[in-house]
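Results of the structural survey
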Amino acid sequence: MKKQKNPNPFESLSEELVFTILDLLENSQSKKSFSSCCKWFHALESKHRRALRPLRAEYIPSILARYSSVENLDLTLCPRVNDTTLSLIARAYRDTLRRVDLSRSRFFTGTGVLNLAVNCLNLVELDLSNATELRDAAMVGVARAGNLEKLWLNRCKMVTDMGIGCVAVGCRKLKLISLKWCVGVADLGVDLIAIKCKELRSMDLSYLPITEKCLSSIFKLQHLEDLVLEGCFGIGDDSLNNLVFNEGGKTLKKLDISGCQNISHIGLSKLTRISGCVERLVLADGSPVILALANSLNKLSMLQSIILDGCIVTSDGLKAIGNLCISLKELSLSKCLGVTDKALSFVVSKHRDLRKLDVTCCRKITDFSIASIANSCRSLTSLKMESCTLVPSEAYILIGQKCHYLEELDLTDNEIDDEGLESIARCSRLSSLKLGICLNITDRGIASVAMCCSKLKELDLYRSTGVTDLGISAIASGCPELEMINAAYCTSITDRALFCLSKCPNLQTLEIRGCLLVTSIGLASIAMNCRQLNRLDIKKCYNIDDSGMIPLSHFSQNLRQINLSYSSVTDVGLLSLAGIPCLQNFTLLHLQGLSPVGLAAALLACGGLTKVKLHVSLRSLLPELLIRHVEARGCVFEWRDKVFQAELDPKCWKLQLEDLMQ
Amino acid sequence: MNPMGSLCANNWARSSSLLPHGNGIQTNLCSDPPPFYGVGIEAPFKEINQPSQTQSVIPGESNKDIKIPDQETGKLQDWDPSAMLNNLSFLEEKIHQLQGLVHLIVNKKCLPFEQPHELVTQEQQLITADLTSIIVQLISTAGSLLPSVRHTLTNTSPLVGQLNQLRGINLPFGSGASNGIQPQNNSGNKLFDQSIRNDVPNNNCDMEHNHNMEEHEHKDDEDMDEGENLPPGSYEILQLEKEEILAPHTHFCTICGKGFKRDANLRMHMRGHGDEYKTPAALAKPHKEIGSEPKLIKRYSCPYAGCKRNKDHKKFQPLKTILCVKNHYKRTHCDKSYTCSRCHTKKFSVIADLKTHEKHCGKDKWLCSCGTTFSRKDKLFGHIALFQGHTPAIPLEDTKGLAEPHDRCDTKENSTILGSMNFCFGSNPSSENGVNNIMDVKGNIDDPINCFSPLNFEGCNFGGFNEFSQPPFEDSESSFSFLMSGSFNYAPKSGGESCSDNLL
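Residues numbered from 1 in each chain as written. Chains lettered and ligands numbered in written order. Predicted model: local features only at pLDDT ≥ 70, side-chain atom pairs only at ≥ 80, totals over all residues. Heavy atoms only, no water.

Selection criterion: UniProt positions are given in the numbering used here, feature names are shortened, and annotations may be inferred rather than shown by experiment.
Where an unreviewed UniProt entry is consulted, chain B appears under the name Protein SENSITIVE TO PROTON RHIZOTOXICITY 1, with the organism given as Cicer arietinum. According to UniProt, the comment filed for chain B under the heading Subcellular location (unreviewed entry) is "Nucleus".

An unreviewed UniProt entry lists chain A under the name F-box/LRR-repeat protein 3, with Cicer arietinum given as the organism.

Here's the deal with the overall build of chain A
The cut-off we apply is this: Only DSSP runs of H or I covering at least 4 residues are called helices, and only runs of E covering at least 2 are called strands; the numbering of each starts at the N terminus. Burial classes follow relative accessibility: with a 1.4 Å probe on protein chains only, a residue under 20% of its type's maximum area counts as buried, one over 50% as exposed, and anything between as partly exposed. The criterion used for residue contact is that any of the two residues' heavy atoms lie within 4.5 Å. Accessible surface is estimated by sampling points in the Shrake-Rupley manner with a 1.4 Å probe; for residues, cover comes only from the protein chains shown.
Scanning chain A for helices and strands turns up 27 helices and 24 strands. A buried classification covers 58% of the 662 residues belonging to chain A. Across chain A, the fraction of contacts at a sequence separation of at least 24, relative to all contacts at a separation of at least 6, is 73%. Accessible surface, chain A: about 26,000 Å² in total, of which carbon and sulfur atoms supply 53%.

Side note on the pairing of strand β4 (residues 298-301) of chain B
Residues and elements named next belong to chain B. Basically, it comes down to this: At least two bridges found by DSSP between two strands are what make those strands a pair.
In β4, alternate side chains face the same way, and those of Lys298 and Tyr300 on one face and Arg299 and Ser301 on the other are all buried. Bridge count between strand β1 (residues 236-239) and β4: four bridges; the pairing is parallel. Among the inter-strand pairings, Glu236 is bridged to a residue of β4, identified as Lys298.

Digging into the side chain of Ser520 of chain A
All names here are of chain A. As a reminder of what qualifies: Pairs of N or O atoms are called polar contacts if they sit within 3.5 Å, as long as, within protein, a hydrogen donor faces a hydrogen acceptor (for residues adjacent in sequence, only side-chain-to-side-chain pairs).
Mapped onto the elements, Ser520 comes out in helix α22 (residues 520-529). A polar atom in the side chain of Ser520 sits 3.3 Å from the side chain of Ser547. Here the side chain of Ser520 touches Gly548 through a polar contact of 3.3 Å, landing on its backbone nitrogen. Those residues in contact with Ser520, other than ones at most four positions away along the chain, are Asn543, Ile544, Asp545, Ser547 and Gly548.

A closer look at the nonpolar core
Put simply, the rule reads: Among buried residues, those of type Ala, Val, Leu, Ile, Met, Phe, Trp, Tyr and Cys that are joined through side-chain atoms within 4.5 Å constitute a nonpolar core.
Counting residues in each nonpolar core, the largest one holds 214 residues, and the members touching the most others are Met203 and Leu435 of chain A. It is helix α8 (residues 161-170) of chain A that provides the largest number of residues to this core, a total of six residues. Setting aside residues no more than four positions away along its own chain, Leu435 of chain A makes contact with Leu411, Ile416, Leu421, Ile441, Ile446, Leu459, Asp460, Leu461 and Ser464 of chain A. Among the nonpolar cores identified, the runner-up in size contains twelve residues, and Leu238, Tyr300, Cys307 and Val325 of chain B belong to it.

Re the environment of Ile441 of chain A
Residue and element names in this part refer to chain A. Positionally, Ile441 belongs in the loop between β16 (432-434) and α19 (443-452). Sequence separation between Ile441 and Asp418 is 23 residues; the distance between their C-alpha atoms is 5.2 Å. Setting aside residues up to four positions removed in sequence, Ile441 forms contacts with Ile416, Asp417, Asp418, Leu421, Leu435, Ile446, Leu461, Ser464, Gly466 and Val467.

Side note on the sheet that holds strand β9 (residues 392-393) of chain B
Think of a sheet as strands paired side by side through backbone hydrogen bonds, with each pair either parallel or antiparallel. Residue and element names in this part refer to chain B. Note the cut-off: A fitted line through C-alpha atoms serves as each axis, taken over the contacting stretch for helices, and the angle formed by two N-to-C directions is quoted from 0 to 180°.
Here we have three strands laid out as an open sheet, ordered β8-β7-β9, and antiparallel in their pairing. Every interior strand has two partners, whereas the edge strands, β8 (373-374) and β9, have only one. Seen against the sheet, helix α17 (residues 377-386) touches β7 (366-368), β8 and β9 and runs at an angle of roughly 15° to β7.

So, in structure tokens, the structure goes:
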């Protein structure tokens, strides 16, 4: 930090120049340090800032005073945003505000929305999702925002056609509207939206009680590109057959009719006939993928992605998909029943340009499929094959040999061993690798991955008990960009692994659940070095106590979520955590050292809490008034009644799992 | 249609001797020439050279039809001197009646104003009505004396005024080939307004009309006959006086439309329409049609000058029944004196309308910003989809739970919406200033600071706030070019300012 001298040498810099520098600073951390350099920089940074995500609603008044020209206001970390706050915001950013996210906020009403809409005339994006209390009157407020282009109203259950009608009339420039789970909105409202808002590009109508009646207006929209009709049970073959679509749906690029059980291949062929430009088709959890269904896709000459998750798939159907005269980029067969080696290998041999393939839980496939995948689809970037338990370890060697472009690989619960991992390590672009419940892998395989895959950001080693400190330390040194690591129930890791991981400055998520050997010392080193840490799970780390919490409270200022269940943390540790400003979520089950008084104090001290999981026995011990007070601040209590569980041996755990599956 | 057309043409042909070669057939038919207006001149002329089935039917054959005998006898009597004599004596009788009435009037006028005024006027009305009917009968009977007019005229009673009207209507026919016919039509009282019921009974057109009549008879809405398209003159036009319409009568003369409180009085009145009503049977059952005597289609005219339902209107659309007349007159030209006992806002002039409304009052919960209510949501949404600037109005109770300022805002909004319907239709740029001024005035009256004070806005620049309302106003020109007056409440043009208004 510079010493303040008069005159400040930085002040000779032109404002534009500093702004250009600031434009290049992407990290919020570096912006912070920039602004703490001197008053001049502080002022400039405040002036320059366009996007804000306040940590708590209490800070908003001072934030408004400091930052003068915010365009993008993300209030997802402020559960408690009331009308007063909103009117302050509306007043402060009357000219600049363009986007407000209120999806996680509660306590505001239609008045606040009205204030925003009326004052902030440049508002183009508004997210009001999860505002389950908002009624039609609030939509009258929304409708005043005449320049709105994007509006999310997910889960606004009290809103009806009337409210949506107001929005339709008021917000004529809408390009995106998301009405997922707005169960009060039906045909009339959607129809009116489609009639009035001609600019619509994207509509999410998932789980609405709509029927075919509104579809004809929707398909008349001239610019519609993205239509989500997930779980619209009211739309079925019969109704689609009765529809006459004129000149519509030509622009549609993405169509999602997942979960529409009443649309079979007949309805689908009707839909595909009118929307010939669809690039991405989501048919998840729909009718069985039979020959006729696959044939109905023939009309879609631009098709690139087909998502069939959860469908029953016949061999004929899958083969027909293989025979489509287009080249798919993405195919998802996650949890599809009936995917056989023969059909799958035929499909992949035909679509050699596949980039993404998801065969999660296709339990029938063997190395035969994997061989054809590896041989045909050389340009795969994402392969997800969790729980393909029949695939033998040798198959993974082939994947490593052929698919060099893999960036995402999910091998959870598979038979892969070190040899396979060594081969897969050739995929140098890997950024996400999931090796959960792979009991055959050891430090050797992990080390080879660490050596080659320097871009790794996400590593899941959940219950892969063969991995020890050595493997983790190799990862820590080989993958400096690591952001997320899950070493839960890797029972042999110790503090040493944590010391190594503390070299990863970008580490955000650390799960070491059930790592019995880890102590507060290891955690302290993580806390001190990984300043970005925001999620921490130390459940069942019996050796972590208050001495681990104190460094956390000092250094991990970004910590949002922590699970302390079964650990040895007491009142003191918990209270010290209250110093973390953005702590939102904690789970405290079976904390032996915790007293109701200490818990009450911690609950009061943590102002930003949104969710707390506690044992039900504590409920009666906490003052009712306190609970209500904390709830009024925006916190939700989840009372759990779990019995104390002793830890199982990993092998034993897997056997138990397999028993459950049968 | 063709048979009729040809028949009509035959009539002309004979009278004007334009087409002598068709006479052979025509003589048969022209003894009972039907009037026809609906068909143009061209068609009939074509038909003449190739007679259709109907045309070639000899009178004996047409006897098969039920109504024919009547007409046949009538036809035979056409030149019967005894019938003529009958008519003359009828005329004499009528003239005597007329004399009596005039005497009555003279006496009434001589009397000092002893009777209450109401009674006098009522009596006068009665007399004039009787007078009219007698005169009408006189004229029609007199007309029937002329050799070329059909016997059936005796049964009909066209109004004097109608004759004039018919002259006008006939004019188009005068053009072209039928020029020579016109003078005869007018001078000779060859009434084209004869009912088509007097036509040859196998006339399809006639049947259709009968059918229509029956269909519509039960509907008392005067608008029902919009699409009827009766050719002008193919029906008889009756016009009741205002007092007549508004009198609380329940029994109406089927001939002249006069209303009576008691059926007995009506029957007494009916005697004046001719001897056939004097028979005991007619007196006992006045409403039953006498025998198979064909009747003229009657349509009614509204006495209100300038009304579309008035016979003098250019695009005159007649009313179907007396009930239609009554309802139309009350609805259109009278005060709405019945107020709904539930909502206390809706007013009606016809008590049946009030009752219908009261049945549904309160159920019309779907409200548009323009103040229109709908009993069905889809109707409201159809309305909103159709009109620009209209928006669903959220019921007040829905907004009650909200915080204070908004609540007030909403109330105000709704009330303005409802109240200001006639206020600045279509805010095109020229009228914007007007709106603006009004907004400004409002802004001045309602100090915006007050409304935001509960929200702790000390130190906010309200001047700027007011200024800010302008740019969006201009912005909205394109998207809200057709703003209803009420819509300035939600159109962004009013911006912050209107909010401040609303919040107060």
